Amino acid sequence: MSLDWIYYAISWILLRWHALWDAIGIPETRVLGTNWSWILAIVFLVVTLRIILFPVFVKQIKSQRAMQALQPKVKLLQEKHKGDRETLQKEMMELYKVEKANPLMGCLPMFLQIPVFLGLFHVLRRLSPDNTQKTLYGWTAEQFDSATRAALFTAPLPSKFGSSASELAALNANGVTVKIVAGILVLIMMATTYLTSRQMILKTGWAEDPQQKMIQRLMLYGIPLSLLVSGALFPIGVVIYWVTNNLFSLAQQQWVLRKFPPPPMADGKTASSARPTGSSAKSGAKGPQSPVQSGRTGGLFGRKSAAEPEPKSPVVDTKALAPKPGAKPVNPKKGARPANKPQG
């Protein structure tokens, strides 16, 4: 299947934003070693795409909430049809149909962004002084040359951390500068990817199902670590796109999670504040368990909003306990007898 239509769409949006910044007076020349018109064009390409996908993202959150609320019923079906996989799948599909929950909706925004990312990667990878097909995908030769020379703090957008000496020479770039700029951007990309996944887990909690929990761990740790290697192959322009996309996701998730909080459980708590099964078992609590394990609440880094006051130790009046002047010492072995026994 040809992806040319994606390449044309990405190029059209990118070029329209660049033309807008050029029209309002953003200079084509470098300021602080940066061609801001092209940087802003990439940033607002992300904004445009995320606005288009926003309704899908809201449906994703609603679907995740519905799936969480159905976990107790799903567990009952698993216990009822244990060993009968075919019947279990049929009953679960019927349950999803009745409750209007779609398990695949949770992955839809990610799947929709994959072709967009591949399209941008392809378009920016073409930016090279050696490329003779400058007018492909709606570009003019002038726009192509301008984008090829564009840089972030003197590091050209088509360059990458792993650029060869010949590629750097063709772009007239300094290898040390490119590695510093690209390396910092890759680290920011890894950190924001981690925080985006962590934010969602903190609000929704860890899944109790082993397979779902494994997927959560993969999203939280596996993907950011994989970027340490793959990030060296991404052009700086693509890394800028990724970082911007992550920052937009953090803000968007924060808004949506406040707008659509986790569903209340049977005990009146939300999914993110419910106790994990293990702690409930230790405390002897009875009743339906939460389908998710609690994630720490109170911020992106899991800090509590207000620290619980520690119980104060009672104040002991040492003066009252001290022996009075002139009194005989009390024998500790005969503590029950008075120190001054009256004479008979």
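Quick note: structure is the one above.
Caption draft 1: Just the environment of Ser 249, in detail. Residue placement: Ser 249 occurs in helix H10 (residues 236–259). The sequence separation of Ser 249 and Thr 196 amounts to 53 residues, and the corresponding C-alpha distance is 6.8 Å. In this view, Ser 249 contacts Arg 50, Thr 196 and Gln 199; residues no more than four positions away in its chain are not counted. At 2.6 Å, the side chain of Ser 249 and the side chain of Arg 50 are in polar contact.

Caption draft 2: Fine view of empty space enclosed by the protein. Tallied over the entire structure, the rule returns one cavity of 30 Å³ or more. Roughly 40 Å³ of internal volume is contained in the largest cavity. Looking at the largest cavity, the residues that line it are Leu 14, Trp 38, Ile 42, Leu 124, Leu 127, Trp 139, Ala 147, Ala 150 and Leu 157. Looking at the lining of the largest cavity residue by residue, the classes come out as nine nonpolar, no polar and no charged.

Caption draft 3: Spotlight on the packing of aromatic side chains. Taken as a whole and judged by the stated rule, the model has 16 aromatic pairs. Clustering of aromatic rings is evident, with ring pairs tying together Phe 117, Phe 121, Phe 234, Tyr 241 and Trp 242. Its end group placed over the ring of Phe 161, Lys 179 keeps NZ or CZ at 5.3 Å from the ring centre.

Caption draft 4: Structural detail: the side chain of His 18. Mapping His 18 onto the fold places it in helix H1 (residues 4–23). The exposure class assigned to His 18 is buried, which follows from its relative accessible area of 8%. Among the polar contacts listed, one links the side chain of His 18 to the side chain of Trp 38, at a separation of 3.2 Å. If sequence neighbours within four positions are ignored, His 18 has contacts with Glu 28, Ser 37, Trp 38, Ala 41 and Ser 146.

Caption draft 5: Main features of the nonpolar core. Counting residues in each nonpolar core, the largest one holds 47 residues, and the members touching the most others are Trp 139, Leu 157, Phe 234, Ile 236 and Tyr 241. Mapped onto this core, the elements with two or more residues apiece are H1, helix H2 (36–69), helix H5 (108–125), helix H6 (141–149), helix H8 (175–204) and H10. Aside from chain neighbours lying at most four places away, what touches Phe 234 is Phe 117, Phe 121, Ser 159, Lys 160, Met 189, Leu 227, Val 239 and Trp 242. In this structure, Val 74, Leu 77, Leu 88 and Leu 95 belong to the second largest nonpolar core, which totals nine residues.

Caption draft 6: Here's a closer look at unusual backbone geometry. Phi angles above zero are rare outside glycine, and Tyr 137 is one such case at about 65 degrees. When you line up the elements, Tyr 137 lands in the loop between H5 and H6. Using a relative accessible area of 8% as the deciding quantity, one classes Tyr 137 as buried.

Caption draft 7: Expanded view of a nonpolar patch on the surface. A surface patch of nonpolar side chains, amounting to about 360 Å² of accessible area, comprises Val 176, Ile 180, Ile 184 and Ile 188. Looking at the element boundaries, Ile 180 is found in helix H8. The exposure class assigned to Ile 180 is partly exposed, which follows from its relative accessible area of 49%.

Caption draft 8: Focus on the side chain of His 81. Along the chain, the position of His 81 falls in the loop between helix H3 (71–80) and helix H4 (85–99). Once you skip the residues sitting within four places of it in the chain, His 81 turns out to touch Thr 87, Leu 88 and Glu 91.

Caption draft 9: Geometry of the packing of H1 against H2. Two elements in contact, H1 and H2, have axes whose closest approach is 8 Å; the angle formed by their N-to-C orientations is 125 degrees. Judged on the interaxial angle alone, H2 and H1 are oblique. Crossing geometry of H1 relative to H2 is assigned as right-handed. On H2, the residues that touch Ile 10, Ile 13, Leu 14, Leu 15, Trp 17, His 18 and Trp 21 of H1 are Ser 37, Trp 38, Leu 40, Ala 41, Ile 42, Phe 44, Leu 45, Thr 48 and Leu 49. Taken together, the residues of the contact of H1 with H2 break down into 13 nonpolar, three polar and no charged.

What counts as what
Residues numbered from 1 in each chain as written. Predicted model: local features only at pLDDT ≥ 70, side-chain atom pairs only at ≥ 80, totals over all residues. Heavy atoms only, no water. Helix = DSSP H or I, 4+ residues; strand = E, 2+ residues; numbered from the N terminus. Contact = heavy atoms within 4.5 Å. Polar contact = N/O pair within 3.5 Å; in protein donor to acceptor, adjacent residues only side chain to side chain. 1 Å grid on protein atoms, 1.4 Å probe; cavity = no way out; pocket = protein on both sides within 12 Å on 5 of 7 lines; lining within 4 Å. Points joined across faces, edges and corners; volume = space filled by probe spheres on them. Nonpolar A, V, L, I, M, F, W, Y, C, P; charged D, E, K, R; others polar. Phe/Tyr/Trp six-rings, centres within 6.5 Å; stacked < 30°, edge-to-face > 60°. Lys NZ or Arg CZ within 6 Å of the ring centre and 35° of its normal. Buried < 20%, exposed > 50% of the residue type's maximum accessible area, 1.4 Å probe, protein only. Core = buried A, V, L, I, M, F, W, Y, C linked by side-chain atoms within 4.5 Å. Patch = residues over 30% accessible without salt bridge, like charges linked within 9 Å, V, L, I, M, F, W, Y side chains within 5 Å. Areas by Shrake-Rupley, 256 points an atom, 1.4 Å probe, with all protein chains shown as cover. Salt bridge = Lys/Arg side-chain N within 4 Å of Asp/Glu carboxyl O. Axes fitted to C-alpha atoms, helices over the stretch in contact; angles between N-to-C directions. Parallel < 35°, antiparallel > 145°, perpendicular 65-115°, else oblique. Left-handed = near helix turned anticlockwise from the far one by under 90°.

Nothing here speaks to function; it is all geometry.
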